[in-house]
Amino acid sequence: MIQIEIDNGSGFCFGVTTAIKKAEEELAQGGTLYCLGDIVHNGMECERLRQMGLITINHDDLRELHDVKVLLRAHGEPPETYELARRNHIEIIDATCPVVLKLQKRIKEQYELGNGQIVIFGKKGHAEVLGLVGQTQSNAIVIERFDEVEKLDFSRDIYLYSQTTKSLDEFHRIIDYIQAHISPDAKFQSFDTICRSVANRMPNISQFAAKHDLVLFVCGRKSSNGKVLFNECLRVNPNTHLVEGPEEIETAWLKDIQTVGICGATSTPKWLMEQCRDAISESVANSH
């Protein structure tokens, strides 16, 4: 009989849980609630909330809306979003993650001091990064990968921050490179702003992936932290498959397997991992 284990450390992070709870509370009161962007990078959870009445919109839609309620998700937003909401008499339900809010505030304060380059290690165009860059009137420099660090001006002061869900190891490589190349006349400061609820998942998920014959990583393909965690599972256990839901599980994977580990990203709902577990149990039962 196949043993199936769901990883305890997987599933929504604190920020996402809070945003979804706020949405559910508002929807329970009736009335219309809009959400700016997907509340979480998981199609099935978005669909569940859509059925409860949540309407997902983009920034263009927001400009057309007046006198409504709009939820800002955990990723955060740049100052101009709040300004637009004020002009259009939109009531903001702010579910920005406290870790992200704190980071926005630090970047804004640094920018207002008005010297040096503000550098953000993050994914270009990612919602959280747009919110961070917005604190600097779009003057911050975003570097996505270690090899982009060379383009910085090492003769000027550098203040380095990170998107909350980036890899800790890569962040430290960037710090080492800047320290080695910065001019003796310039100042360099780095601020480790990586969320521990995400960073600590790396070692935990490695151990989890290593102890199973087959690993199913359940995650929306849009999730950036999902990609990082999935690749870590794959590195430790080559028999790892990424699935968005139970319908993508192939029975051939279960052949000659004793144990299956099911894990996911910070945007993966627990109920979805449970559905995958049930699908495997059913598939195994039917094959006997």
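Here the structure is a predicted model, which is why all the values come from computation and not from measurement. Sequence order sets the numbering: in each chain, residues are counted from 1 along the sequence as written. Since the coordinates come from a predicted model, pLDDT governs what is reported: local features require at least 70, and pairs of side-chain atoms require 80 or more to be given and counted, while whole-chain, interface and lining totals use all residues. Here the side-chain values reflect all heavy atoms present in the structure, with hydrogen atoms and water set aside.

Give me the lowdown on the sheet that holds strand β8 (residues 158–162), citing residues and values where you can.
We call two strands paired when DSSP finds no fewer than two bridges between them. Helix and strand labels come from DSSP, where a helix needs a run of H or I of at least four residues and a strand needs a run of E of at least two; each type is numbered from the N terminus. If you walk across this open sheet you meet the four strands as β7-β6-β8-β9, and the pairing is parallel. Strands at the two margins of the open sheet, each flanked by one partner only, are β7 (141–143) and β9 (188–190). Going across the sheet, the axis of each strand differs from the next one's by a mean of 20 degrees, ignoring polarity. Note that β8 and β9 share three bridges and pair parallel. Think of each axis as a best-fit line through the C-alpha atoms, taken over the contacting stretch in the case of a helix, with angles from 0 to 180 degrees between the N-to-C directions.

Can you explain the packing of helix α1 (residues 14–28) against helix α2 (residues 43–52)? Please cite residues and give values.
Two numbers describe how α1 lies on α2: the axes approach to 10 Å, and their chain directions differ by 15 degrees. The angle between α1 and α2 falls in the class roughly parallel. As for how α1 packs across α2, the hand of that crossing is left-handed. Along the contact surface, α1 presents Ile-20, Glu-24 and Leu-27, while α2 presents Glu-45, Arg-48, Leu-49 and Met-52. Note that the term roughly parallel is reserved for angles under 35 degrees, roughly antiparallel for angles over 145, roughly perpendicular for angles of 65 to 115, and oblique for everything else. Two helices crossing with the near one rotated counterclockwise from the far one by less than a right angle form a left-handed crossing, whereas a clockwise rotation gives a right-handed crossing. Residues are treated as being in contact if the distance between any of their heavy atoms lies within 4.5 Å.

Break down the pattern of salt bridges for me, with residues and values.
Here the idea is simple: oppositely charged side chains can pair when their charged atoms come close. Take a side-chain nitrogen of Lys or Arg and a carboxyl oxygen of Asp or Glu: if they are within 4 Å of each other, that pair is a salt bridge. One pass over the full model with this rule turns up 21 salt bridges. Residue Glu-47 pairs with Arg-50 through a salt bridge whose shortest N-O separation is 2.9 Å. In this pair, Glu-47 and Arg-50 are both assigned in helix α2, three residues apart and thus about one turn of the helix distant. Only protein chains enter the calculation, and the probe is 1.4 Å; a residue is then buried if its accessible area is under 20% of its type maximum, exposed if over 50%, and partly exposed in between. Its relative accessible area of 29% is what places Glu-47 among the partly exposed residues. Of the charged contacts in the structure, one is a salt bridge between Asp-192 and Arg-196, with a shortest N-O distance of 2.5 Å. In this structure, a network of salt bridges that share partners links the residues Lys-124, Arg-145, Asp-147, Glu-148 and Lys-151.

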